[in-house]
Amino acid sequence: MAELSTVARPYAEALFAAAREDKAGLDFWTGLVNQMAQIAGNPDVRAAMSDPRLADTERAQAFVGLLQGDVPQYARNFIALLVENDRLLLLPEIAEQFEALRNRHEGTAQADIASAFELSPEQVKDLLAALELKFGLKLKPRVTVDPSLIGGVRVAVGDQVLDTSVQAQLARMRDTLAA
């Protein structure tokens, strides 16, 4: 079976191209796509959308009914297309790729920062300033706490990882001593 990201990519690209041209703007579409992904990721919704007793039109209508706010016709058509092609449950992956396309378009990137301890807003700001110089991009931080790191931080920007955690340093020392 094809990788989910490979299957989701054309849908994300088509939606992003349409969203760029829509007067509602990318912020609106990002919010809508994230809402759709969150709903599609719900186990109850996944089960309902996989029910063979429902027709495609019923699936699409039910899914649109779960969305909050006004749903533009383009979004309704997109949902109907996903249902018709049995791809509705790919929405979390589509949303991820949509966000990556938006970041690339804006010259930004997502920075996943894992720290052993809670970081203050000032520490995050200082860390971001240093990381933006290193990566040459405007970064959007997503900070999590991971006590298994023992100390330090692990930063992932795209496929690049900068790991200065105590856990990583101990692993490097272990590997050096074992060699």
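In this report, we go over the structure that sits alongside the text. (Residues numbered from 1 in each chain as written. Predicted model: local features only at pLDDT ≥ 70, side-chain atom pairs only at ≥ 80, totals over all residues. Heavy atoms only, no water.)

Quick look at the sheet that holds strand S4 (residues 160-163)
One open sheet holds the four strands; their spatial order is S2-S1-S3-S4, and the pairing between them is mixed. Two strands bound the open sheet, and with one partner strand each, they are strand S2 (138-145) and S4. Strand-to-strand twist across the sheet, computed as the mean angle between neighbouring axes with direction ignored, equals 20 degrees. Note: strand S3 (residues 153-157) against S4, four bridges, orientation antiparallel. Bridge pairing links Arg154 to Asp163 in S4. Taken strand by strand, helix H7 (residues 121-135) contacts strand S1 (108-115), S2, S3 and S4, and its axis lies near 130 degrees from that of S2. (Pairing = 2+ DSSP bridges. Helix = DSSP H or I, 4+ residues; strand = E, 2+ residues; numbered from the N terminus. Axes fitted to C-alpha atoms, helices over the stretch in contact; angles between N-to-C directions. Contact = heavy atoms within 4.5 Å.)

Things to note about helix H4 (residues 56-66)
The periodicity of an α-helix, 3.6 residues per turn, causes residues three or four positions apart to be oriented the same way. Of the positions making up H4, those classed as buried are Arg59, Ala60, Phe63 and Val64. The buried side chains of H4 occupy one side of the element, clustering within an arc of 125 degrees when seen end-on. Residues of H4 that are exposed and angled more than 90 degrees away from the buried face: Thr57, Gln61 and Gly65. (Buried < 20%, exposed > 50% of the residue type's maximum accessible area, 1.4 Å probe, protein only. Arc of directions from axis to C-beta.)

Digging into helix H1 (residues 4-21)
For H1, which comprises 18 residues, the first-to-last C-alpha distance of 26 Å matches the rise-based estimate of 26 Å (1.5 Å per residue) to within 8%. At Pro10, H1 shows its maximal kink, close to 25 degrees. The secondary structure elements touched by the buried residues of H1 are helix H2 (26-40), helix H5 (73-84) and helix H6 (91-106). (Expected span 1.5 Å × (residues − 1). Bend = angle between axes of the 7 residues up to and from the residue.)

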